[in-house]
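Spelled out from the first residue to the last, the chains are:
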Amino acid sequence: MKRFIAFAIMAVVLNPTVQATNMMGLPISPRLKTTSLLLDKKGLKSAAETAVLHLRGGSQRVFHFGKEGTDGDKGMKALLGGKGSNLAEMSRIGLSVPPGFTITTETCQEYNGLGKQLPKGLMEDVMDGVKRIERQMDMKFGDETSPLLVSVRSGAAVSMPGMMDTVLNLGLNDKVVEGLAKRASKRFAYDSYRRLLDMFGDVVLGINHNLFEEQLEELKEAKGVSTDNELSEDDLKELIGKYKQVYVTCGKEFPEDPKKQLELAIRAVFDSWDSERAKAYRDINQIHGLLGTAVTVQSMVFGNLGATSGTGVLFSRNPSNGENKLYGEYLINAQGEDVVAGIRTPSPISTLEREMPVAYKSLLDNVDKLERHYMDMQDIEFTIQDQKLFMLQCRNGKRTGPAAVKIAVDMFKEGLISKDQAIMMVESGHLDQLLHPQFEDQNKYKARVIGKGLPASPGAAVGQVVFSPEDAEAFKAQGGAAILVRADTTPEDVGGMHASEGILTQRGGMTSHAAVVARGWGKTCVCGCLEMRVDDKKKTFTLGGKTFKEGDWISLNGNTGEVIEGKEPLSPPTISGDLSTFMSWVDERRKLKVFTNADTPEDAAEARRNGAEGIGLVRTEHMFFASDDRLKAVRQMIMAE
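The sections below set out a description of the structure shown in this document. (Residues numbered from 1 in each chain as written. Predicted model: local features only at pLDDT ≥ 70, side-chain atom pairs only at ≥ 80, totals over all residues. Heavy atoms only, no water.)

A word on the packing of helix 8 (residues 186-204) against helix 9 (residues 209-223)
Okay, step 1: Look at helix 8 against helix 9: their axes get within 8 Å of each other, and the N-to-C directions meet at 155°. Looking at the two axes, helix 8 sits roughly antiparallel to helix 9. Counted together, R194, L197, D198, G201 and D202 of helix 8 and H209, F212 and L216 of helix 9 form the full contact between these two elements.
Okay, step 2: For the contact of helix 8 with helix 9, the residue count by class is three nonpolar, two polar and three charged. (Axes fitted to C-alpha atoms, helices over the stretch in contact; angles between N-to-C directions. Helix = DSSP H or I, 4+ residues; strand = E, 2+ residues; numbered from the N terminus. Parallel < 35°, antiparallel > 145°, perpendicular 65-115°, else oblique. Contact = heavy atoms within 4.5 Å. Nonpolar A, V, L, I, M, F, W, Y, C, P; charged D, E, K, R; others polar.)

Below is the structure:
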């Protein structure tokens, strides 16, 4: 009943996506098959403005950003993708952004239309962009004495975290790595090279990532260390040889020519638009009408240079509960993929102030500037190279329902946005999350708590243990409730994650793939449960001295990170606090009255308490079904002569 009221109100007042989706076919221009109205509810006022923004590109395929000038801006998401448009915007407002360029989404569409062939002249434009980066960085791509390395990243107009591909450290080969070792350090150079071999093999050549991971784990075990950072420069050089042998075993060849590496990486990112995981994510989230992914090529900055470098991901406000406090994590001596992949469990962002006070202050200043500029909570990726901060990405952060309402209400009270803007920040799906049940009494289950991880996405989840995304989907199809238990999740798991009531992982932090995707969907998630041991082959996990098999019931508290043995009773939610304030603003603006069905007296009373203005339909048959005496009386009446 509560969901009905919330959806009815939000459908009238808060859901411009419906209108925008219907506008996908507007004949604005042959080049425009999508509109940024769907992508930027605040930034664009009309489809005509969107057309102007797109047509600014003309036939231009590559848009630059950096000290030599910036072509794009935040209003060009449909053309440059979220990543490319926001990098351009950050560069425009003076933040420290490594230079680069973005290949447009239209080029991706052209690539697909040509049967997966790069358009004529594209690589010439790309290499012109590389020369521009070389001038700004005073380095040369493929040069042995002063080597420039670049990253190649995807970026659709609508955020799809982890669904498409990235390749880092492009430009290294057997000769360049030795030059980099002389310029920086051998350990850093070999670490960067083994990362390239792993990512390039996986993303570009289709070599199973686990084959590289097995070599890494075997080497760590042989050397008696537990983390990558403990491997010496000689160990990493040995690992490079092992990775190359993986290529040979798989019948693949790593290209020594940096230009060829770049071309193949661009192709791979375009191809990732049509990967099974990306298509599944778009279907689940009803993302339609986009041209494809943009590709951003950008100068590398290095968080793996040593103890004075690092990388991290943060949100300007807590995406789980909306608290106005930095929420994020970082790793010292690491690259960005280490954080989001959940391979290592990172440190909370609050401790960065102690580790690198100057960089932390710069980060606070940049976060405040971005939130005020975009007038929304920001999801930010950054790297610190030798104590200097670089901003690598910003976007409006995904958040839970409770966080969405609190952030909207708080930002209005802080004078950052208007009431109308606050209302438009909350989606109907966010309200649905707020109406999910919670545990009846948290004190009652304390004796059955078997472990605790990080409270990555709030709420309560009760279900039966499964160990694969396919099993989770099968449970869902049969009407069951599953808790997906994994050592860590990958983008390929999205179907099973969506089908699950909740997600529990052994590794990963608050900004890992599992956490980000779960929050976006309102799924309860507990990450980084380090005491847990998962055995996928036996389909068991061990925690709290007990072993659980597939089909066993467990419960998750996403607010506290607690893992509970058995089925824990749930209780219905209530509308109060920020939600009550927010809904009063909606009431001031809505045009339609909302009435309720009177299925039962209890339902009708509950609906009235939550804002329904009257009874729209009386369902007498449900009232008859409410008790045996009533049902018998009705049957006697029907059968009477």
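Additional details are given in the paragraphs that follow.
Details of the packing of aromatic side chains
In this description, a pair of aromatic rings is defined by centroid distance and the angle of the planes.
Okay, step 1: If you walk through the whole model with that rule in mind, you get 13 aromatic pairs.
Okay, step 2: Plain terms: the ring middles of F212 and Y243 are 5.0 Å apart, the flat faces sit at 75° to each other, and that makes the pair edge-to-face. Within this pair, whereas F212 is found in helix 9, its partner Y243 is found in helix 10 (residues 233-249), the two being separated by 31 residues in sequence. Both residues of the pair, F212 and Y243, count as buried.
Okay, step 3: With a centroid separation of 6.2 Å and an interplanar angle of 65°, the aromatic rings of F315 and Y327 are classed as edge-to-face. You can see F315 sitting in strand 8 (residues 310-315) and its partner Y327 sitting in strand 9 (residues 327-332), a full 12 residues away along the chain.
Okay, step 4: The buried category is assigned to F315, whose relative accessible area is 1%.
Okay, step 5: You can call Y327 buried: its relative accessible area is 8%.
Okay, step 6: Counting every residue linked through ring pairs, the aromatic cluster contains Y193, F200, F212, Y243, Y247 and F254.
Okay, step 7: Residue placement shows K74 over the ring face of Y374; its charged tip is 5.4 Å from the ring centre. (Phe/Tyr/Trp six-rings, centres within 6.5 Å; stacked < 30°, edge-to-face > 60°. Buried < 20%, exposed > 50% of the residue type's maximum accessible area, 1.4 Å probe, protein only. Lys NZ or Arg CZ within 6 Å of the ring centre and 35° of its normal.)

A look at a nonpolar patch on the surface
Okay, step 1: Among the surface-exposed residues, M637, I638 and M639 lie close enough to one another that they form a single nonpolar patch of about 400 Å² accessible area.
Okay, step 2: Positionally, M639 belongs in helix 25 (residues 628-639).
Okay, step 3: On the accessibility criterion, M639 (68% relative accessible area) is exposed. (Patch = residues over 30% accessible without salt bridge, like charges linked within 9 Å, V, L, I, M, F, W, Y side chains within 5 Å. Areas by Shrake-Rupley, 256 points an atom, 1.4 Å probe, with all protein chains shown as cover. Salt bridge = Lys/Arg side-chain N within 4 Å of Asp/Glu carboxyl O.)

With respect to the sheet that holds strand 17 (residues 482-486)
Okay, step 1: If you trace the eight strands from one edge of the open sheet to the other, you get 14-24-23-16-17-18-19-15, paired in mixed fashion. For this open sheet the edge positions go to strand 14 (449-452) and strand 15 (454-457), each flanked by a neighbour on one side alone. Each strand of the sheet is rotated relative to its neighbour by a mean of 30°, with strand direction disregarded.
Okay, step 2: Examined bridge by bridge, strand 16 (residues 460-466) and strand 17 share three bridges and lie parallel to one another. Counted as the bridge partner of Q464 is A482 from strand 17. (Pairing = 2+ DSSP bridges.)

Concerning the pairing of strand 19 (residues 524-527)
Okay, step 1: Judged by which residues are buried, strand 19 turns out to be covered on both faces: T524 and V526 on one side and C525 and C527 on the other are all buried.
Okay, step 2: Pairing of strand 15 with strand 19, which is carried by three bridges, proceeds in the antiparallel orientation. In the strand pairing of strand 19, S457 is matched with C525.
Okay, step 3: Bridge analysis of strand 18 (residues 502-505) against strand 19 gives three bridges, and the strand direction is parallel. Of the residues in strand 19, the one forming a bridge with G502 is T524.

Concerning the pairing of strand 12 (residues 388-396)
Okay, step 1: In terms of strand pairing, strand 11 (residues 378-385) meets strand 12 through eight bridges, oriented antiparallel. Of the residues in strand 12, the one forming a bridge with Q385 is K388.
Okay, step 2: From the end of strand 11 to the start of strand 12, which pair antiparallel, there are two residues, and D386 there has a positive phi angle of about 50°.

Side note on the pattern of salt bridges
Okay, step 1: Under the criterion given, the structure shown has 37 salt bridges.
Okay, step 2: In this structure, R317 engages E414 in a salt bridge whose closest nitrogen and oxygen atoms are separated by 2.6 Å. With R317 in the loop between strand 8 and strand 9 and E414 in the loop between helix 16 (401-413) and helix 17 (419-424), the pair connects residues that are 97 residues apart, well separated along the chain.
Okay, step 3: A relative accessible area of 1% places R317 in the buried class.
Okay, step 4: For E414, a relative accessible area of 36% translates into the label partly exposed.

A look at the nonpolar core
Okay, step 1: Formed by 84 residues in total, the largest nonpolar core has its most connected members in V126, L262 and I266.
Okay, step 2: Examining the composition of this core, we find that 10 residues originate from one element, helix 8, more than from any other.
Okay, step 3: If you count residues domain by domain, this core takes at least three from each of domain 1 (129-297) and domain 3 (437-571).
Okay, step 4: Once residues lying within four places of it in the same chain are set aside, the contact partners of L262 are V126, M127, V130, F141, V150, V152, L170 and V297. (Core = buried A, V, L, I, M, F, W, Y, C linked by side-chain atoms within 4.5 Å. Domains from an automatic or database assignment.)

Some thoughts on the sheet that holds strand 22 (residues 546-549)
Okay, step 1: Strand order in the open sheet made by the three strands is 20-21-22, with antiparallel pairing throughout. Pairing within the sheet leaves two strands with one partner each, and these edge strands are strand 20 (533-535) and strand 22. Strand-to-strand twist in this sheet, taken as the mean axis angle between neighbours without regard to direction, amounts to 20°.
Okay, step 2: When strand 21 (residues 540-543) meets strand 22, the two strands line up antiparallel, connected through four bridges. Bridge pairing in strand 22 links F541 to F548.

Structural notes on unusual backbone geometry
Excluding glycine, residues mostly have negative phi values, and the peptide bonds linking residues are mostly trans.
Okay, step 1: A positive phi angle is found at D138, which is not glycine, with a value near 55°.
Okay, step 2: Assignment of secondary structure puts D138 in the loop between helix 6 (122-137) and strand 3 (140-141).
Okay, step 3: For Q286, which is not a glycine, the phi torsion comes out positive at approximately 55°.
Okay, step 4: Mapped onto the elements, Q286 comes out in the loop between helix 12 (276-284) and strand 7 (294-299).

Quick notes on the environment of D587
Okay, step 1: Within the secondary structure layout, D587 lies in helix 22 (residues 577-589).
Okay, step 2: D587 sits in the partly exposed class, given a relative accessible area of 38%.
Okay, step 3: Taking the C-alpha atoms as reference, D587 lies 9.2 Å from G611; in sequence the two are 24 residues apart.

Observations concerning helix 4 (residues 77-92)
Okay, step 1: Given a rise of 1.5 Å per residue, 16 residues ought to cover 22 Å, yet the end C-alpha atoms of helix 4 are separated by just 15 Å, more than 12% below that figure.
Okay, step 2: Where helix 4 bends most, the angle comes to about 75°, and this point is K83.
Okay, step 3: For helix 4, the buried fraction is high: 15 of the 16 residues fall into the buried class.
Okay, step 4: Once helix 4 ends, the next one or two residues include G94, with phi positive near 90°. (Expected span 1.5 Å × (residues − 1). Bend = angle between axes of the 7 residues up to and from the residue.)

As for the packing of helix 9 against helix 10
Packed helices, taken two at a time, are described by the angle their axes make and the gap between the axes.
Okay, step 1: Look at helix 9 against helix 10: their axes get within 10 Å of each other, and the N-to-C directions meet at 145°. Seen from above, helix 9 lies across helix 10 with right-handed handedness. When helix 9 is examined against helix 10, the residues L211, F212, Q215, L216, L219 and K223 are found in contact with a partner set consisting of D235, E238, L239, K242, Y243, V246 and Y247.
Okay, step 2: Looking at the contact of helix 9 with helix 10 residue by residue, the class counts come to eight nonpolar, one polar and four charged. (Left-handed = near helix turned anticlockwise from the far one by under 90°.)

Read these as geometric descriptors, not functional statements.
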